[in-house]
Amino acid sequence: MRRLILPPLIALTALATAAPTAAAAAPRPRTIVVAGDGSGDHTNVQDAVNAVPSGNTRPVTILVRKGTYKQQVVIPADKPHITLAGDTRDPREVVLTYDVSAATPKPDGSGPYGTSGSASYVIGAPDFTARDLTFENAYDEAANGASQAVAVRTTGDRQVYDNVRFLGNQDTLYVNTASAGTAARQYFHDCYVEGDVDFIFGRATAVFDGCVIKALSRGSADDNGYVTAASTEVSHPYGILIHRSHLVSDAPAGTFHLGRPWPAGGSTTARGQVLIRESWLGQQVKDAPWTDMSGLSWRDARLSEYRNHGPGAGVNDDRPQLTAARARAFTPERYLAGADGWNPVRRRSPAPKPEPGREILPRGDGWAAATTGTTGGSAARPEDVHVVRTRAQLLAALGDPADNTPKIVYVKGAVDADTDAAGNPLTCDDYAADGYSLPAYLAAYDPAVWGRSTVPSGPLEQARQASYAKMAEHVTITVGSNVTLIGMGANAALKSFGLRVSNADNVIVRNLTITDTSDCFPQWDPTDGAEGNWNASFDNVEVSGSTHVWIDHNTLNDGANPDSGQPRYFGRPYQVHDGLLDIVRGSNFVTLSWNHLSGHDKVTLIGNTDNPDRYDEQDKLKVTLHHNHFDRLGQRAPRVRFGQVHVYNNYYRGGDGHGYSIGVGFGSQVYADGNAFDGIEAAKVLTVFSGTAITARDNLVDGVPVDVVAAYNAANGTTLGGDAGWTPTLVPRRHPARLLRYLVPAGAGAGHLR
């Protein structure tokens, strides 16, 4: 058979007219680069937008290189399929900004810009995406007076904003539609929005998913602004949804509204719809968080909440709540589906293990997993993740505790509190004030001179107090809400710091050695006991008035400065350390796991007063302690008042100076099961401080099952009860007590985090 040989031209023509492959048929994205230094295709964003043809049908990426670009930009409705992206993953590095307000006169003399005209960016294009950049209206309110000043006005449908920041004050983000009769769906994922008055507003269907929304203080003691002002038309079921986000603020407690309904342009058919669900609400939120606007009652609008948490959350007659059944119709997917089934919501397959700072307390892991659980700073945006190596860096990273923006703070290496701003070491003499010296103090308050019936007073005691206050100000660090403080590697340490989790919610402290929190200025109290005592005032860690706290895989001790090495004055040990890890003042929902606490006398106090009214503690102080290594300690491991405290799967090793392990205090309900005690007498596992009962089951003493309640009663002639009145349910994993002497020492403490 003869072969058919085509001329070259015919062969090429045949190939050209053959059916294209699937890969060849797919439109290839086009990239336009914007660089202020001239190294790209354009030097500004508007020129790049202008280069996209009207009626565009294929994906176009406008890639903006690192820098700040000051310009008003319009991305019109006839240019769909544009992605506007920063060229780094850090949105702080690409800033798109302008700085006019509604009241600013236009350069052409035609009047002020107005609210809509003040927008730095107007984005009307459908099927638009922005990612990894910052939109800003930099209008200076402090210099020029308060006015509406929009960073972005959106009017297009099917828009996505991912890892984007929106910065401004009043009217920061105008989520809108092209007209009152049209719909526009906009999805904001992993975003950051800040402002003060109505700073998320408009009639669009807008979903904020996993965002940080920061209400900026205007300096008022009672009314600092409004988060939302929705103008949703009554014909549209969905307006603004804030979902699994953090609403944070630096404003005082109870000074911000969640929103008010806006009848845009005097509309008689606008009935704003806002739902805030499963989100963390800061202290700034008012107890009555919704209010009226322009004659429209908030009760005539559609404003509600569902399963929020945090100090600003609450349920009352002024806070409508969805039912669980109703909430199923108000998910991000339902908001955004429309008639075409659009679903930009990210529902990824199981992801690899997150970086340590973004790990959260596992479900069911003790009391800190109760209600909303404990997530710490896992929602921190890139700009709020810090690595610190010095005291100054640590203080700067933690910031003002009142600013409860999610943060992750990694500690690298050993950070010493006893250093000045230049890193030079400080001694007790550097903290002394008003002429205080220890020899003078000892001479003044020697019982032979002062007596034993009254506590010290007068100039030297006042100087001691002033010295203590000076030291406390320098060495105390306070951790606010939504923070994860975590050590990097096995050598991360905080030396001489007093770490305070105070009046906070949702805090994680992990993988740190916290050592030698010593008091240079302990007080002599001759009335404390029969012989008097020296009392220090610093704890290594104190959880005070706080909720949802997870303290995990830490090492706490006195380092190279044990109390056993201190002198004796007035016949009593000169005590420079107080507690290792105290949980006090009505704290609640705390889990302590896999910590190593060693070589200390007073270990863990849970509840600090027998007075039930002082901190309203009778239904608080719910604490779980599991898989901790209590190593050669004196007492309080723990000592409990009031709380339902679950002590399970801990390993205790005795030593010189051991007094007791678990203290059954006033009103306490301790449930102790599956613990192992080595080198500790069965009768000294427990002691009683006005408590009446403890549940103690399956505990081992020197490897032998022992009823430690019976042992205590037999040794002391008491009738301590054996039923605490409750049974723990938040117990994800138990180990046989006989394994604890091997398992816990090998896994507890800093450096063992896996």
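Above this text you will find the structure in question.
Worth saying up front: this structure is predicted, and the values here are computed from it rather than measured.

Trainee: Give a detailed account of the sheet that holds strand 17 (residues 225–230), specifying residues and quantitative values.
Mentor: As summarised here, the arrangement of the 7 strands in space is 4-7-9-11-14-17-20, forming an open sheet in which the pairing is parallel. Edge positions in the open sheet fall to strand 4 (73–75) and strand 20 (256–259), since each of these has one partner strand only. Between one strand axis and the next, the sheet turns through 10° on average, direction left out of account.

Trainee: How would you summarise unusual backbone geometry if you had to cite specific residues and measurements?
Mentor: Most peptide bonds adopt trans geometry, and most residues besides glycine take a negative phi value. At the junction of Ala 637 and Pro 638, the peptide bond is cis and its omega measures out at 0° in the coordinates. For Asp 171, which is not glycine, the phi dihedral falls at a positive 60°. When you line up the elements, Asp 171 lands in the loop between strand 10 (159–167) and strand 11 (173–175).

Trainee: Go over the state of the cysteines with me, naming the residues and quoting the values.
Mentor: Under the counting rule described, the total for this entry stands at 2 disulfides. The disulfide partner of Cys 191 is Cys 211, and the gap between their sulfur atoms is 2.2 Å. Disulfide Cys 191-Cys 211: torsion about the S-S bond near 115°, hence right-handed. Of the two residues, Cys 191 is situated in the loop between strand 12 (185–189) and strand 13 (192–195) and Cys 211 in the loop between strand 15 (205–209) and strand 16 (212–215); the sequence distance between them amounts to 20 residues. Looking at Cys 191, the relative accessible area reads 0%, which means it is buried. Of the residues examined, Cys 211 reaches a relative accessible area of 1% and is grouped as buried. With its sulfur 2.0 Å from that of its partner, Cys 428 forms a disulfide with Cys 520. Disulfide Cys 428 to Cys 520: torsion about the S-S bond roughly -70°, handedness left-handed. Highlighted residues: Cys 428 in helix 9 (residues 428–431) and Cys 520 in the loop between strand 30 (513–515) and strand 31 (523–525), separated in sequence by 92 residues.

Trainee: Mind laying out the pairing of strand 15, listing which residues take part and the relevant values?
Mentor: Burial within strand 15 is extensive, with 5 of its 5 residues counted as buried. Of the two faces of strand 15, the one lined by Thr 205, Val 207 and Asp 209 and the one lined by Ala 206 and Phe 208 are each fully buried. Of the pairings in the sheet, the one linking strand 12 to strand 15 comprises 5 bridges and is parallel in character. Paired with His 189 across the strands is Asp 209, a residue of strand 15. As paired strands, strand 15 and strand 18 (residues 240–243) are joined by 4 bridges and run parallel to one another. Residue pairing across strands places Phe 208 opposite Ile 242, the latter belonging to strand 18.

Trainee: Can you lay out the pattern of salt bridges for me, pointing to particular residues and giving the numbers?
Mentor: Under the defined criterion, the tally for this structure stands at 30 salt bridges. Note that Asp 516 is salt-bridged to Lys 495, the shortest N-O span being 3.9 Å. Linking Asp 516 in the loop between strand 30 and strand 31 with Lys 495 in strand 27 (residues 483–495), this pair joins segments that are 21 residues apart in sequence. Looking at Asp 516, the relative accessible area reads 9%, which means it is buried. On the accessibility criterion, Lys 495 (33% relative accessible area) is partly exposed. Salt-bridge contacts for Lys 622 lead to Asp 619; the nearest nitrogen and oxygen are separated by 2.9 Å. Its relative accessible area of 59% is what places Asp 619 among the exposed residues. Residues joined by salt bridges that share partners form a network here, namely Asp 127, Asp 157, Arg 158, Arg 185 and Asp 340.

Trainee: Give a description of the nonpolar core that names residues and reports values.
Mentor: Leu 394, Leu 485, Leu 494, Leu 499, Ile 662, Leu 686 and Ile 694 are the most contacted members of the largest nonpolar core, which has 78 residues in total. Those residues in contact with Leu 494, other than ones at most four positions away along the chain, are Leu 394, Val 411, Val 415, Ile 477, Leu 485, Leu 499, Leu 512, Thr 513, Ile 514 and Thr 515. In this structure, Val 152, Phe 199, Phe 208 and Leu 258 belong to the second largest nonpolar core, which totals 57 residues.

Trainee: Break down the packing of aromatic side chains for me, with residues and values.
Mentor: Under the counting rule described, the total for this entry stands at 32 aromatic pairs. Centre to centre, the rings of Tyr 161 and Phe 166 are 5.8 Å apart; their planes meet at 65°, and the pair counts as edge-to-face. Residue class for Phe 166 comes out buried when judged on its relative accessible area of 0%. Positioned over the ring face of Trp 367 is Lys 622, at 5.8 Å from the centre of the ring. In this structure, Arg 639 packs its charged tip against the face of Phe 689, placed 3.8 Å from the ring centre.

Reading guide: rules and limits
- Residues numbered from 1 in each chain as written.
- Predicted model: local features only at pLDDT ≥ 70, side-chain atom pairs only at ≥ 80, totals over all residues.
- Heavy atoms only, no water.
- Pairing = 2+ DSSP bridges.
- Helix = DSSP H or I, 4+ residues; strand = E, 2+ residues; numbered from the N terminus.
- Axes fitted to C-alpha atoms, helices over the stretch in contact; angles between N-to-C directions.
- Disulfide = S-S within 2.5 Å.
- Buried < 20%, exposed > 50% of the residue type's maximum accessible area, 1.4 Å probe, protein only.
- Salt bridge = Lys/Arg side-chain N within 4 Å of Asp/Glu carboxyl O.
- Core = buried A, V, L, I, M, F, W, Y, C linked by side-chain atoms within 4.5 Å.
- Contact = heavy atoms within 4.5 Å.
- Phe/Tyr/Trp six-rings, centres within 6.5 Å; stacked < 30°, edge-to-face > 60°.
- Lys NZ or Arg CZ within 6 Å of the ring centre and 35° of its normal.

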